[in-house]
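Coordinate inspection notes
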Amino acid sequence: MTKNYYEILGVEKTATQDEIKRAFRRKARELHPDVNKAPDAEEKFKELGKAYETLMDEQKRSLYDRYGEDGLKNAGYDSTGPFDYGFGNLNDIFETFFSGFGGFSSRQSDPNAPQRGDDLRLDIELDFEEAVFGVEKEIKIDHLEQCTKCNGTGAEPGTQPVTCPTCNGQGRVSKVTQTVLGSFTQVTPCPKCHGTGKVINTPCKNCKGAGNVEVEKTIKVKIPAGIDNHAKIRIASEGDAGINGGSNGDLFVVVFVKPHKNFRRDGFNIYTEQYISVPQAVLGDTITISTVHGERELTIPAGIEYGKVLTIKGSGVPYLGNPEKRGDHLVMIKIKTPKPSGEEEKRLYSRLYEITLNKKAGEKLIDKLKSAMHS
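Residues numbered from 1 in each chain as written. Predicted model: local features only at pLDDT ≥ 70, side-chain atom pairs only at ≥ 80, totals over all residues. Heavy atoms only, no water.

1. Description of the side chain of Thr272
Just so we agree on the cut-off: A helix here means a DSSP run of H or I that spans at least four residues, while a strand means a run of E at least two residues long, and both kinds are numbered starting from the N terminus. Summary of the burial criterion: residues with accessible area below 20% of their type's maximum are buried, those above 50% are exposed, and those between are partly exposed, where the area comes from a 1.4 Å probe applied to protein chains only. Polar contacts, as counted here, are pairs of nitrogen or oxygen atoms within 3.5 Å of one another; within protein the pair requires one atom able to donate a hydrogen and one able to accept it, and residues that are adjacent in sequence qualify only if both atoms are side-chain atoms. The contact definition used throughout considers only heavy atoms, calling two residues in contact when any of these lie within 4.5 Å.
The residue Thr272 is located in strand E11 (residues 269–276) in this model. Taking the relative accessible area as the measure of exposure, Thr272 reaches 10% and is therefore buried. One polar contact links Thr272 to His329, side chain to side chain, over a distance of 2.9 Å. Residues within four places of Thr272 in sequence aside, it is in contact with Asn262, Phe263, His329, Leu330, Val331 and Met332.

2. Looking at the environment of Lys198
Counting through the fold element by element, Lys198 comes out in strand E6 (residues 198–199). Sequence separation between Lys198 and Cys167 is 31 residues; the distance between their C-alpha atoms is 9.0 Å. Lys198 has contacts with Asn112, Pro161, Val162, Cys164 and Cys193, leaving out every residue within four places of it along the chain.

3. Examining the pattern of salt bridges
The criterion, for reference: Salt bridge, as used here: a side-chain nitrogen of Lys or Arg that lies within 4 Å of a carboxyl oxygen of Asp or Glu.
One pass over the full model with this rule turns up 19 salt bridges. Linking Arg234 and Asp250 is a salt bridge whose minimum nitrogen-to-oxygen distance equals 2.9 Å. Taken together, the residues span a long stretch of sequence, with Arg234 in strand E8 (residues 232–235) and Asp250 in the loop between E8 and strand E9 (251–257) at a distance of 16 residues. In this structure, a network of salt bridges that share partners links the residues Arg116, Asp119, Arg234 and Asp250.

4. Considerations on the packing of helix H2 (residues 17–31) against helix H3 (residues 41–55)
Going by this rule: Lines are fitted to the C-alpha atoms to define the axes, a helix being fitted only along its stretch in contact, and any angle between axes, read from their N-to-C directions, falls within 0 to 180 degrees. An angle below 35 degrees is treated as roughly parallel, one above 145 as roughly antiparallel, one from 65 to 115 as roughly perpendicular, and anything else as oblique. Put simply, Ala, Val, Leu, Ile, Met, Phe, Trp, Tyr, Cys and Pro go in the nonpolar bin, Asp, Glu, Lys and Arg in the charged bin, and everything else, Gly too, in the polar bin.
Orientation of H2 relative to H3, taken along the N-to-C sense of each, is 170°, at an axis distance of 10 Å. Judged on the interaxial angle alone, H3 and H2 are roughly antiparallel. From H2, Ile20, Lys21, Phe24, Lys27, Ala28 and Leu31 reach across to H3, where they touch Ala41, Lys44, Phe45, Leu48, Gly49, Tyr52 and Leu55. Within the contact of H2 with H3, the residues separate by chemical class into nine nonpolar, one polar and three charged.

5. Observations regarding the sheet that holds E9
Our working definition: Paired strands, as defined in this entry, are two strands with at least two bridges between them according to DSSP.
Pairing is mixed in the open sheet, where three strands are placed in the order E1-E9-E8. In this open sheet, the two edge strands, each paired with only one partner strand, are strand E1 (120–126) and E8. On average, each strand axis in the sheet is tilted by 25° relative to the strand beside it, whichever way the strands run.

6. Thoughts on the packing of H3 against helix H4 (residues 58–74)
Axis separation between H3 and H4 bottoms out at 10 Å; the angle between their running directions is 135°. With respect to their mutual orientation, H3 and H4 come out oblique. The segment H3 lies against H4, with Lys50, Glu53, Thr54 and Leu55 engaging Lys60, Arg61, Tyr64, Glu69 and Leu72. Per-class residue counts for the contact of H3 with H4 are three nonpolar, one polar and five charged.

7. Quick word on unusual backbone geometry
Phi angles above zero are rare outside glycine, and Asn151 is one such case at about 55°. As for its placement among the helices and strands, Asn151 is situated in the loop between strand E2 (135–146) and strand E3 (162–163).

8. Topic: the pairing of strand E12 (residues 285–291)
In terms of strand pairing, E12 meets strand E13 (residues 294–300) through seven bridges, oriented antiparallel. Residue pairing in the sheet places Thr291 in a bridge with Gly294 of E13. Hairpin connection from E12 to E13: two residues lie between these consecutive antiparallel strands.

9. A closer look at the environment of Leu320
Within the element layout of this structure, Leu320 appears in the loop between strand E15 (318–319) and strand E16 (322–326). Separated by 248 residues in the primary sequence, Leu320 and Leu72 place their C-alpha atoms 9.2 Å from one another.

10. Digging into the confidence of the model for the protein
To be explicit about the condition: pLDDT measures the predictor's confidence residue by residue and takes values from 0 up to 100.
The predicted model of the protein has a mean per-residue pLDDT of 84, with 83% of residues at 70 or higher. Of all secondary-structure elements in the protein, the lowest mean pLDDT belongs to helix H5 (residues 90–98), at 48, while strand E14 (residues 309–312) reaches the highest, 98. Confidence drops under a pLDDT of 50 for residues 98–107, and excluding neighbours within four residues, the segment shows twelve contacts in the predicted structure.

11. Quick look at the sheet that holds E14
As summarised here, the arrangement of the four strands in space is E10-E11-E17-E14, forming an open sheet in which the pairing is mixed. Strands at the two margins of the open sheet, each flanked by one partner only, are strand E10 (264–266) and E14. Mean inter-strand twist for the sheet, computed between neighbouring axes without regard to direction, equals 35°. Note: E14 against strand E17 (residues 329–335), four bridges, orientation antiparallel. In the sheet register, Leu310 faces E17, and the bridge partner there is Val331.

What follows is the structure, given as structure tokens:
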């Protein structure tokens, strides 16, 4: 069942970012697996992190408020993991907030355990129409791949890394310091193996002992129709290679949309301005409007006022994940004030002005007669 992010954090839908942050701090202390030993504590902590990360990002929060988790997925945001948008794991997010506070243990990790590769980010620029209708882009990335010569061991073929004699494979060394307050133990990365727990006596000539090499790669990215500015698209396993057999990181493609000279986007609607003449405003007319979907007819009602917004239904931006459904094209009407080009035009406008004055005078007279009749 889909869970409400606001309920997970215990805040109202109108909560500010400061209120969300305070709520997260409070809940995180309660649910962190080092403190809460309940069987579901870790899962709840993951949900808490996902809710926090979404609501602290203005664009993702707006999408979530309007369309829920489906809106985030349709926009290209992956929500399968707890912290796919910048937090590595439970301890990373916790230490970001609570570094400097005591009472929580720092879990010691096995230096030889599989480690996930780093996530990468690539920014791409789209034309306005490409963002509206979607497009497939070829992009080039530089990322780390496992060295094929040594299969990621870092050692020249025919040799193997050996256990570090300094730390006995622990990857860290302890130093005890005596003070007047007692003895203190300081744990630091092993200076010989630099925390890996292993020493490579004969480094691989291809990767220089690193276990991975930098490779340029061309990949195709499908941009969904309706994507908006600053949206992220997650491409799984296209980040840097993992260590010790760990999984690859992900690639996050961040979209930047070029502004259009005529169109302005707001959500799934598109706004334009349209100037009409005074006779068109007075008498009404049918005109042709350019939209992203081609030319459309727009009816100008008689007596329209300056600044009135008219709507062309279904001529806006396709909804993410549902391109058959579209927003609207909204047209703000502006009226040109002409300068008479000759005496004939001046006489016509003077006559129109007299008619307008007489009409107003007649309306005032009728109002007075109505008032007298009712008094």
